[in-house]
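Residue strings, one per chain:
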Amino acid sequence: MKSVSFTPRFYVAAVMLAIVLLIAIIGPLVVQTDPNATVGGLYDRPAGWGPLLLGTDNEGQSVIANLVYGTRTSLIVGLLAGTIATIIGLFVGIVAGFRGGLVDNLLSSLTNIFLVIPVIIVVILLSVALDNRSIFTLAFVMGITSWPWLARAVRAQTTSVRTREHIDVAMMSGANLPSILLRDVLPYLLSYVVMAFVLQVSGAILLESTLSMLGLGPTNAVSLGIMLYWAIAWGSVRTGAWWAFVPPTVMLTIISFSLLLLQSSLDELFNPRLRRGKIRRKKGADPRFELPAAEGPSPQLTAAGVVEGPAPIQDTPKEGGR
Amino acid sequence: MDALFTASNLTKTFGSGKDAVTAVNDVSFALQQGQITTIVGESGSGKSTIARMVLGLLPITSGKLTFDGKDVTNPTGAARKAYWADVQAVFQDPFSAFNQFFTVKTLLYRSLRLLHESVGQDRLEEALGHVGMDLSVLDRYPHQLSGGQRQRVMIARALMLRPKLMIADEATSMLDASLRVNILNVLTDLRDELDMTVLFITHDIGQACYLADQVLVMEHGIMVEQGTVDDVIFNPQHEYTRKLVADVPKLHQEIELHIGDHEAAARDLA
Amino acid sequence: MTNLLDAANIRGVYYTPTGEEVVGVDNVSIQMAEGEVLGLAGESGSGKSTLGSIISLTARPPLIVEHGSLAVDGKVQDLSDMASIPRVWRGAVVSMLPQGAMNSVSPTMRIRDLVFDVMRAHDGKIKKDEALDRARDRLVTLGLPTRALDAYPHQLSGGMKQRVVTIISTLLNPRLLIADEPTSALDVSSQKALIEMLLEMLEKEIMSGVIFVTHDLPVLRTVATRIAVMYQGKVVESGPTNTIVDDPEHPYTRALLSSVLTPEPKYAKIRIEGMRAFDRESFKAPEVKH
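Residues numbered from 1 in each chain as written. Chains lettered and ligands numbered in written order. Predicted model: local features only at pLDDT ≥ 70, side-chain atom pairs only at ≥ 80, totals over all residues.

Visitor: I'm lost on the confidence of the model for chain C in this one. Help?
Guide: Any region with low pLDDT has predicted coordinates that should not be read closely. Per-residue confidence for chain C gives a mean pLDDT of 91; residues scoring 70 or more make up 100%. For this predicted complex, the interface score ipTM comes out at 0.87, while the overall pTM is 0.82. (pLDDT = per-residue confidence, 0-100.)

Here it is, written out as structure tokens:
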């Protein structure tokens, strides 16, 4: 339908993410070491290509093994939490925005209540209530507390889509509410939702790391945040055992950076106005013809040169006098 | 003969208290079976508000609407769905009225759910035929069609359900002049061939002149004049109608321009 | 006698990011005498707005003027080299009133602030009082209330906004004003008021010529002295208003006129087929000049 052109930014992000995913998925198969097995002494330096590639941590465990398993855990938690948050936010936002009235008031109040709940408090309470914090419990808690901003944004967009005439046409064609929401509202929100989902995942991964660094992380798995927790608790920064805290930091940075890069490149993809393009002349690219970054055929009553406006793009004879 | 649709003392107020705006003020009219009635008004006259109330898309503040003798004021739920089996609409913007993710086929097939399986496909072909289109248009997306084609598809969509009343709310306003005539002719043909009752909302009195059997003129929420084209357009009684007809630029006669009138007025005041 | 405007051999092309070329204006030449209103008529896609933007020196990429010259009062400029045209021309010699201008005014600025910005862009040293006095005088001359200067755009009606914006775009007394669909979004009474104001401005020599771009032929019949009809980037017929409206020769002009609907007796009883009744191939006939 639309001609899709991916920007370099997208490819960079995609490649970085692919590498991370590769590490997470097949890393554990490549690094055949159990992350909980003791392979050396306290903070052994990196040596050779085996389990000691990145040295050992405070319990003599292989850092590289912990790294790949930790990446996997962080990604799973992030993905799960992100998905839960997106689904809840989408549902609440669409129904509130479309129905309006009492339903909207109720759902918006609910959204506001959840907005002020700090995730950390919930997790602390949870750790008191449960002995075991699994990655799934953690993901669940993160998911059900991170959806409010998405719900608000979706609600706003839905109220705007609601006023479009194709909704009236859908109603008058006999469509029922679920059908209208699914086929007439959701597709118009999709570009935003995809980007929001990427942000949710990225946020969830960082949130998990934060919680882990505070000692509130999962109790039965290793994650990047937990690696950092132990690295700080055992003074690796002080003693200069960089292999204990640098690898997880770098990994976290790569993950969140690539996700954010992906999100911004998707923004360019979905919003044609942000696309930069060089107009190619017959004889080759001429810098004179580069389009300004944010471009639209809106006339302007500007100070410079009195009233001026760019040539209206809709006036092209390709459509001719139909 | 009884009117197909009547509106009695129809009023719509937006907001409340000091900020209340009366968009439609005690308007009464009747749509006769098999006739084309146009409501003519400028922006802010309330004509589109009336259209939405007639369609049941906007709740009324006070008054009564009847269709085929039955009360259809503020229909909801099942009653509204039944109402929409008899009353359909074509809207102003041929682009935003289309779900851009649907092909024409998806759009039209949706309505088939309301029709009996055996007649559905036939009705679809028949409706497309009435607007001068054939089945080849089914696989197109809206951005592949011109504005005029989109409006015709919209009319076909409405026709499939064989409504008794068709409401066209500024259906030609966003089209080039050359396409307008086509759409107006389609509506005229519907009246002639299917005995369809049409309510056409417009700000363009020239189109009303061409199309209508009955003309209703709105000004700021009030209906100021009603009657046939001959009466209302060529022999207007109300001040507003007179001015409206006189000030519209015409092709074959000059309109009276008063250049620099304000100076004479200022001198009079001095 | 030199013409007010002499635009010759203008060719304007749109370059899309995918490398395609779309011709907007295809070798068009038009002339105007002092005191004239030239109507540029045509459907959407005809090139009339493009031509208007080129003549008003507001054409920007992706629209590129490949060649053409513009002469105002005999002074010639090469349109293919936009950088060589003196900046002062834009606004003081030719001025553009774009389509939808009245809706593009910043909603957080009062009209008087806009006036000052506009005047200052042209003459950096002008004082606010001077600029406002000038605007006030202009409003009084044309019979508009001076309180419009203190208003925010949303406080003015559509018709008033459009008239105010028209005045602002002519504060520098340009020789030529190019107005793109100035009446299209207006009510009938506001349309009339704007047309009257434009004609009054011509009478008072605030500007010496107007190019009125529109698809609305009856409006041109009311305001224009000459009409040029455009189709697919070319001028197909041009001449005095009465000739074009009552005695058109080019098949496209005839087709365009056949689609007009006004509240006149002839349209009440007959059925018009409009453009459908014409053969599209005939529209490619050569230009007719009256």
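Visitor: Explanation requested: the sheet that holds strand 10 (residues 222-228) of chain B in the structure shown.
Guide: Remark on secondary structure: sheet strands pair via backbone hydrogen bonds, oriented parallel or antiparallel. All names here are of chain B. With mixed pairing, six strands are arranged side by side in an open sheet as 6-7-8-3-9-10. The open sheet has two free edges, formed respectively by strand 6 (87-90) and strand 10, since each of these has just one partner strand. Going across the sheet, the axis of each strand differs from the next one's by a mean of 15 degrees, ignoring polarity. Alignment of strand 6 against strand 7 (residues 165-169), held across four bridges, turns out to be parallel. Looking at the pairing, Ala89 lines up with Ile167 of strand 7. (Pairing = 2+ DSSP bridges. Helix = DSSP H or I, 4+ residues; strand = E, 2+ residues; numbered from the N terminus. Axes fitted to C-alpha atoms, helices over the stretch in contact; angles between N-to-C directions.)

Visitor: Could you clarify how one ought to interpret the sheet that holds strand 4 (residues 63-72) of chain C in this entry?
Guide: Residues and elements named next belong to chain C. Within the open sheet, the four strands sit side by side as 2-1-4-5. Their pairing is antiparallel. Bordering the open sheet on either side are strand 2 (21-32) and strand 5 (75-78), each of which pairs with just one other strand. Ignoring strand direction, the axes of neighbouring strands in this sheet form an average angle of 10 degrees. Two elements, strand 4 and strand 5, share four bridges in a ladder whose sense is antiparallel. The residue bridging Val72 from the neighbouring strand is Lys75, located in strand 5.

Visitor: Just checking my understanding: could you explain the pairing of strand 6 (residues 94-97) of chain C for this structure?
Guide: Across a regular strand the side chains alternate sides, sitting on one face of the sheet and then on the other. Residue and element names in this part refer to chain C. Along strand 6, one buried face is formed by Val94 and Met96 and the opposite face, lined by Ser95 and Leu97, is buried too. Taken together, the four bridges between strand 6 and strand 7 (residues 176-180) define a ladder with parallel strand orientation. From the neighbouring strand, Ser95 faces strand 7, where its bridge partner is Leu177. (Buried ≥ 20, exposed ≤ 12 C-beta atoms within 10 Å, placed from the backbone.)

Visitor: Where do I start with the interface of chain B and chain C in this structure?
Guide: Interfaces are often sized by the accessible area lost when the parts come together. If you look at the interface, chain B gives 33 residues, while chain C gives 33 residues. Put simply, the parts of the chain that give the side of chain B that touches chain C at least two residues each are helix 6 (177-194), helix 7 (205-211), helix 9 (239-247) and helix 10 (261-269) of chain B. With six residues, helix 6 of chain B is the single largest residue contributor to the side of chain B that touches chain C. (Contact = placed C-beta atoms within 7 Å.)

Visitor: Whenever I open this one, the nonpolar core confuses me. Can you help?
Guide: Buried together is how nonpolar side chains tend to be arranged in soluble globular proteins. Within the largest apolar cluster, 176 residues are counted, with the highest numbers of intra-cluster contacts made by Ile167 and Leu187 of chain B together with Phe212 and Val229 of chain C. If we skip the residues at most four places from it in the chain, Ile167 of chain B touches Ala51, Val54, Leu55, Val87, Ala89 and Leu199 of chain B. Counting residues in hydrophobic clusters, the runner-up holds 66 residues, among them Ile84, Ala96, Phe197 and Ala221 of chain A. (Core = buried A, V, L, I, M, F, W, Y, C linked by C-beta atoms within 7 Å.)

Visitor: Hey, could you run me through helix 6 of chain B in this one?
Guide: Each α-helix turn comprises 3.6 residues. Residues three or four places apart therefore point the same way. Residues and elements named next belong to chain B. For helix 6, spanning 18 residues, the distance from its first C-alpha to its last is 26 Å, which sits close to the expected 26 Å at 1.5 Å a residue. Those residues of helix 6 not exposed but buried are Ala177, Ser178, Leu179, Arg180, Val181, Asn182, Ile183, Leu184, Val186, Leu187 and Leu190. Looking at the buried residues of helix 6, the elements they touch are strand 3 (36-41), helix 4 (117-130), helix 5 (147-160), strand 7, strand 8 (197-202) and helix 7. (Expected span 1.5 Å × (residues − 1).)

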